[in-house]
Amino acid sequence: MAIPLLPIVAALIVMAAVATAVSSRLRASSRRRAQPRNPGRGRRRVVRWGFGAAGVILAVGAGLALGQRAIFLAGPLALSGYLAGLLLGELMMAPAARGVLRRGSLDRRSLDRYIRPGWVWGWRLAAGAAFIALAAAGAVGGADGRSLPLDCANSTSSVSSPWPGWSYGGPALVALMIGALLVEVSIRRILSRPRPDAASVDVAADEANRGASLRRAVAAGAAIALVPLAGVSLSAAMILSFACSEPNSLAWTTPAALALALVGVLAGIGAVVSVATLIRITEDDLATPPAGTGSVPQWS
């Protein structure tokens, strides 16, 4: 059965990602540099992971309420909780300087200053591919949303189940759209929020926080998209590999199954890398501000 095997695959993805991230973080711990002044860093970390834990609890609750129908939405729902905490953490950053004398940077913050634009467009491409895969699986599935009716060769027909149709894909589409919205809102908030008062937060700390937050948002978004893409692709590949009996098999089902299996494996590997990257990202990765981040005094 394709669908019942997916929780085992998902568990292996999570364990591999956690093991990879923890080992990488332990190796990097001995090379950490002195931390710039960044009050509230620990509080924002608690908020991020606290909301992530709430997302996991919500995903478990959805699983209990929806049963197997929640199989593709559990991962995106849990990661969306983390993204909500990330966004709240950005709102908790120290405010800009206030008073008669203010200092503000004239630098224009752009996305490629903190992260390669290719990673952002890669996340958007993955989200689009996941949306198309879920919608296509639902469109070709049976009316029950759980089976795939096919007209096989020699005027025979076949109904294969469990197919990742609307019964499974509908909740996942909702979770995917929620996660995509959180990612894009987080990206815009991280870039546009005012520079905190340098007396409370170092420029280097603020730059490091922005860069780390952007990478976290994109990594979480990639995992939100790749987890259901891997699940739907592998499920569809298993069904198409034996949908019609051998004497009445169709010429296109085997190549389609192989192509979907390849997409599913690559998406699964991408999900492992994304979750592992999300876990290991720290503000230490950018301890000094990029060139041209000096502040220019402005009178108000």
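Novice: Explain the overall build of the protein chain to me, using residue names and the numbers behind them.
Specialist: Summing up its helical and strand segments, the protein chain has 7 helices and 4 strands in all. By the burial criterion, 47% of the 300 residues in the protein chain qualify as buried. Restricting to contacts in the protein chain with at least 6 residues of sequence separation, those with at least 24 account for 81%. Counting every atom, the protein chain has about 14600 Å² of accessible surface; 69% of that belongs to carbon and sulfur.

Novice: With reference to specific residues and values, describe the packing of helix H3 (residues 74-91) against helix H5 (residues 166-192).
Specialist: In the contact formed by H3 and H5, the axes pass within 9 Å of each other and the chain directions differ by 20°. It follows that H3 is roughly parallel to H5 by the angle criterion. The two elements H3 and H5 meet at a crossing, and its hand is left-handed. Contacts between H3 and H5 pair Pro76, Leu77, Ser80, Leu83, Ala84, Leu87, Glu90 and Leu91 from the former with Ala175, Ile178, Gly179, Leu182, Val183, Val185, Ser186, Arg189 and Ile190 from the latter. Tallied by class, the residues present in the contact of H3 with H5 amount to 12 nonpolar, 3 polar and 2 charged.

Novice: A description of the packing of aromatic side chains should follow, citing residues and the corresponding values.
Specialist: The tally for this structure, following the rule as stated, stands at 2 aromatic pairs. When the ring centre of Trp121 is taken as reference, the NZ or CZ atom of Arg124 above it lies at 4.6 Å. In this structure, Arg146 packs its charged tip against the face of Tyr168, placed 5.4 Å from the ring centre.

Novice: Go over unusual backbone geometry, please, and point to the residues and values.
Specialist: A cis geometry characterises the amide bond from Ser161 onward to Pro162, with omega recorded as 0°. If you trace the backbone, Pro162 turns up in the loop between strand S3 (157-160) and H5. With a phi angle near 60°, Asn154 is a residue other than glycine that sits in the positive phi range. When you line up the elements, Asn154 lands in the loop between strand S2 (148-151) and S3.

Novice: Before we move on, can you summarise the pattern of salt bridges with the specific residues and values?
Specialist: As enumerated under the stated definition, the model contains 8 salt bridges in all. Measuring nitrogen to oxygen at the nearest pair gives 3.5 Å for the salt bridge that ties Arg113 to Glu207. Residue Arg113 is located in the loop between strand S1 (101-104) and helix H4 (117-140), and its partner Glu207 is located in helix H6 (residues 203-241); the two are separated by 94 residues in the primary sequence. Per residue, the accessibility class of Arg113 equals that of Glu207, and both read buried.

Novice: Kindly report on the pairing of S3, identifying the contributing residues and their values.
Specialist: Burial along S3 is one-sided: Ser158 and Ser160 are buried, while Ser157 and Val159, pointing the other way, are not. Pairing between S2 and S3: 4 bridges, direction antiparallel. Pairing of Leu148 across the sheet is with Ser160, part of S3. Between S2 and S3, which pair antiparallel one after the other, the connecting turn spans 5 residues, and Asn154 there sits at a positive phi close to 60°.

Novice: An account of the nonpolar core is requested, with residue identities and associated values reported.
Specialist: Core analysis: the largest hydrophobic core is formed by 55 residues, its most contacted members being Leu83 and Ile187. A total of 16 residues in this core trace back to one element, the largest contributor, which is H6. Discounting residues that sit within four places of it in the chain, Ile187 has contacts with Leu111, Val120, Leu214 and Val218.

Novice: I'd love a proper account of the packing of helix H2 (residues 41-66) against H3, names of residues and values included.
Specialist: Between H2 and H3, the least distance of the axes is 7 Å, while the angle of their chain directions is 155°. Classed by the angle they form, the pair H2 and H3 counts as roughly antiparallel. Of the two elements, H2 crosses H3, and the hand of that crossing is right-handed. Across the interface between the two elements, Arg44, Val47, Arg48, Trp49, Phe51, Gly52, Gly55, Val56, Leu58, Ala59 and Ala62 from H2 touch Ala74, Leu77, Ala78, Gly81, Tyr82, Ala84, Gly85, Leu86, Leu88 and Gly89 from H3. Grouping the constituent residues of the contact of H2 with H3 by class yields 14 nonpolar, 5 polar and 2 charged.

Novice: Give a detailed account of H4, specifying residues and quantitative values.
Specialist: In an α-helix, one turn spans 3.6 residues, which is why side chains three or four residues apart end up on the same side. Compared with an ideal rise of 1.5 Å per residue, which puts 24 residues at 34 Å, H4 spans 35 Å between its outermost C-alpha atoms and is within 8% of the ideal. Of the residues making up H4, those classed as buried are Val120, Trp123, Ala126, Ala127, Ala130, Ala133, Leu134, Ala137 and Gly138. Of the surrounding secondary structure, the elements contacted by the buried residues of H4 are H5 and H6.

Novice: How would you summarise a nonpolar patch on the surface if you had to cite specific residues and measurements?
Specialist: A surface patch of nonpolar side chains, amounting to about 470 Å² of accessible area, comprises Phe131, Ile132, Val174, Met177 and Ile178. At the level of secondary structure, the elements contributing two or more residues to the nonpolar patch comprise H4 and H5. With 3 residues, H5 is the largest single contributor of residues to the nonpolar patch. On the secondary structure map, Phe131 appears in helix H4.

Criteria and thresholds
- Residues numbered from 1 in each chain as written.
- Predicted model: local features only at pLDDT ≥ 70, side-chain atom pairs only at ≥ 80, totals over all residues.
- Heavy atoms only, no water.
- Helix = DSSP H or I, 4+ residues; strand = E, 2+ residues; numbered from the N terminus.
- Buried < 20%, exposed > 50% of the residue type's maximum accessible area, 1.4 Å probe, protein only.
- Contact = heavy atoms within 4.5 Å.
- Areas by Shrake-Rupley, 256 points an atom, 1.4 Å probe, with all protein chains shown as cover.
- Axes fitted to C-alpha atoms, helices over the stretch in contact; angles between N-to-C directions.
- Parallel < 35°, antiparallel > 145°, perpendicular 65-115°, else oblique.
- Left-handed = near helix turned anticlockwise from the far one by under 90°.
- Nonpolar A, V, L, I, M, F, W, Y, C, P; charged D, E, K, R; others polar.
- Phe/Tyr/Trp six-rings, centres within 6.5 Å; stacked < 30°, edge-to-face > 60°.
- Lys NZ or Arg CZ within 6 Å of the ring centre and 35° of its normal.
- Salt bridge = Lys/Arg side-chain N within 4 Å of Asp/Glu carboxyl O.
- Pairing = 2+ DSSP bridges.
- Core = buried A, V, L, I, M, F, W, Y, C linked by side-chain atoms within 4.5 Å.
- Expected span 1.5 Å × (residues − 1).
- Patch = residues over 30% accessible without salt bridge, like charges linked within 9 Å, V, L, I, M, F, W, Y side chains within 5 Å.

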